[in-house]
Amino acid sequence: MHFEIGTLGNHEFDEGLAEYMRIVNGDEPTKQYNKAEMAYPHVKTGINIITANVVNKSDGQIPFGMQPYLIKEIHTSDGKVARIGFIGIETTSLPILTLYDNYKDYDVLDEAETIAKYDQILRKKGVNAIVVLAHIGVSTNKDGSTKGNAVDIIKRLYQIDPDNSVDLYIAGHSHQYANATVGSVKLVQAIYTGKAYDDIIGYIDPTTNDFAPNSLVSHVFPVLSEKDAPNIKTDANVTAIVEDANNRVAPIINKKIGEAATTGDILGRLHNTPTRENAVGELVVDGQLYAAHKVGLLADFAMTNTGGVRADLHVNPDRSITWGSAQAVQPFGNILRVVEMTGAQIVEALNQQYDEDQAYYLQISGLRYTYTDQNDPNQPYKVVQVYDQHNQPLDMNKTYNVVINDFLAGGGDGFSAFKGTKVVGIVGQDTDAFIDYITDMTNDGKPITALTMNRKIYLTAEQLAKADSDSQSQTGTNRNTQNDANSQTEGNQLQEVPSQPVSPTVTLPTTAGQPAETVTLHGQPKQQTVAAANNQLINLTPTSINGQKQKVADQQAALPQTGNDEDLALLLLGSSLMAVTGLTIIDRKRKHA
């Protein structure tokens, strides 16, 4: 496929940077994998991985001999030579996107400052046609506006060096469409998982080693199916590689692990409800809570980052579910742990979903909560009440056991509330937990089914006011009834008796293919009281909870999305050598007669 140049993204760190470079260089494995992976040919890819802003903490050098930039010479038919420079850039958000052990040895330097530095170095070498390959996201909206961290970085670049010579910025990571011009820089991003590709055409003047004025034209084209483009011939070499990879992994990925109650895929994060819930995500966390109990760990709740739930759960026409389908949902093999968290810490974690435009959010099991609007542009929503699986309100001072993965435990996706929590025990890998859950439920006569998504309930201010009014009205009725009874009891001192909790209800609208549903929220927050010397009851219930999140230095513009094409997912699983580069530039080979 002639991939020649690439840069680092966050997933290149999934198994550690050393392991990624081993794959790129075609070296033998240094640890044990499954038989299919161990037997796969280990061939040097020939890809030049460049990164300018990832350096060792120990010595400030770029690791593993990678270079910050690459200069490519283009030879013309009349014997002239033009040069073009490529700069590789990693996102400074890496620490919240991978495990601590995977990035702890490296610093990621400021993107704009690094681009400006190497832009100047290239210009001093006489190279003025400059392309940035950056794993930093961007999005062009339907109204034509383009926003994202990539836009901010280019604007900062112009502040640092108004005379910079960057011509093209090829973005990745947020997996959205983008095609725009910022200053004089063309900015593109080709969605995700091979569904589109960037196509940029320009003319380089050999006398200036720069693009000819106004010659650079950028496109983002969709990849058409064989049905939509019948005249395009399949590449025989690529087809052979894919078929070989599929044959190698087929015995593993096609193994049946369980059954669904009905046919039809169980949908994931590309099919969220308005409250950021999805059926397969909630299935995953239910499985994690189940896995903790299975190994004897007492856990109350489970939470996972939606970025770790990568695909729909594919269900075959015979309702069977395969290992490959489950692995596509939970591919990373993160380690699950049970940690201690107070009710206040749990609320803080839930509130941290609502900053950064809800770019990062959780799937939850064992609890349900309501949230509403607040007048804060940095966090427009706040959690107002959390209920456990028995519909009882959380005690802010009580300690609960929560299942999370090691990514969240390190503060991944900016969820700092999980960082530093005390570990109660280790459950195992999230991939194994999900697979075993499907198998166990099937064996228990409980085939897998899409869940009703009602764990996150949004209430308007009016709905909250009505619920509070109903609660106060019911409380007053109960108190008067009790006082009447007490007044008929001779010799008894009048005492306030706690009223029974009121159960407000809210109707969930029809959404994501689900019918409307009325949900009863049992129980209001129990007031903690102590008796003072005069026997008056003092309310100790907290009046507010600080759920604000300390902002990370570089915010992500959007949660990376992945496709849900199982065939594509399996292709990537089988042919990892072709899919590890993150961002690549394809050199169009000139055809010769």
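Please read these numbers as outputs of a predicted model, since none were measured by experiment. Throughout this document, residue positions are counted from 1 along each chain, in the order its sequence is written. Confidence filtering applies because this is a predicted model: local features only for residues at pLDDT of at least 70, side-chain atom pairs given and counted only at 80 or more, and all residues used for totals across whole chains, interfaces and linings. Side-chain numbers here rest on the full set of heavy atoms in the structure, without hydrogens or water.

Draft legend 1. Geometry of the packing of helix α4 (residues 111–124) against helix α5 (residues 149–160). Note on method: axes are straight lines fitted to C-alpha atoms, helices fitted across the in-contact stretch only, with angles between N-to-C directions ranging 0 to 180 degrees. A run of H or I in DSSP becomes a helix once it reaches four residues, and a run of E becomes a strand once it reaches two; helices and strands are each numbered from the N terminus. Two elements in contact, α4 and α5, have axes separated by 8 Å at closest approach and are oriented at 50 degrees. With respect to α5, the axis of α4 lies oblique. In the packing of α4 onto α5, the handedness of the crossing is right-handed. Touching E111, A112, E113, I115 and A116 of α4 are I153, R156, L157 and I160, all from α5. Reported orientations rely on four angle classes, namely roughly parallel under 35 degrees, roughly antiparallel over 145, roughly perpendicular from 65 to 115, and oblique for the rest. Throughout, a crossing is termed right-handed when the near helix is turned clockwise from the far one, and left-handed when it is turned anticlockwise from it by less than a right angle. Whether two residues touch is decided by their heavy atoms; if any such pair falls within 4.5 Å, the residues are in contact.

Draft legend 2. Structural view of the sheet that holds strand β23 (residues 381–388). A pair of strands counts as paired when DSSP detects no fewer than two bridges linking them. In space, the three strands of this open sheet follow the order β23-β22-β26, with mixed pairing throughout. Each having just a single partner strand, β23 and β26 (456–458) make up the two edges of the open sheet. The average undirected angle you get between the axes of adjacent strands in this sheet is 25 degrees. Note that strand β22 (residues 367–373) and β23 share seven bridges and pair antiparallel. Opposite Y369, over in β23, you have V386 as the bridge partner. Helix α9 (residues 343–351) contacts β22 and β23 of the sheet and is inclined by roughly 135 degrees relative to β23.

Draft legend 3. Spatial organisation of the pattern of salt bridges. For salt bridges, the criterion is a side-chain nitrogen of Lys or Arg within 4 Å of an Asp or Glu carboxyl oxygen. Counted according to the given criterion, the structure contains 14 salt bridges. The closest approach of N and O atoms between E19 and R22, which form a salt bridge, is 2.9 Å. Separated by three residues within a single helix, E19 and R22 lie in helix α1 (residues 17–25), roughly one turn from each other. Between buried and exposed lies partly exposed: a residue is buried under 20% and exposed over 50% of the maximum accessible area for its type, with that area taken using a 1.4 Å probe on protein chains only. Taking the relative accessible area as the measure of exposure, R22 reaches 10% and is therefore buried. The salt bridge partner of D105 is K104, with a shortest N-O separation of 3.4 Å. For K104, a relative accessible area of 29% gives the class partly exposed. Salt bridges linked by common partners bring D110, E113 and R156 together as one network.

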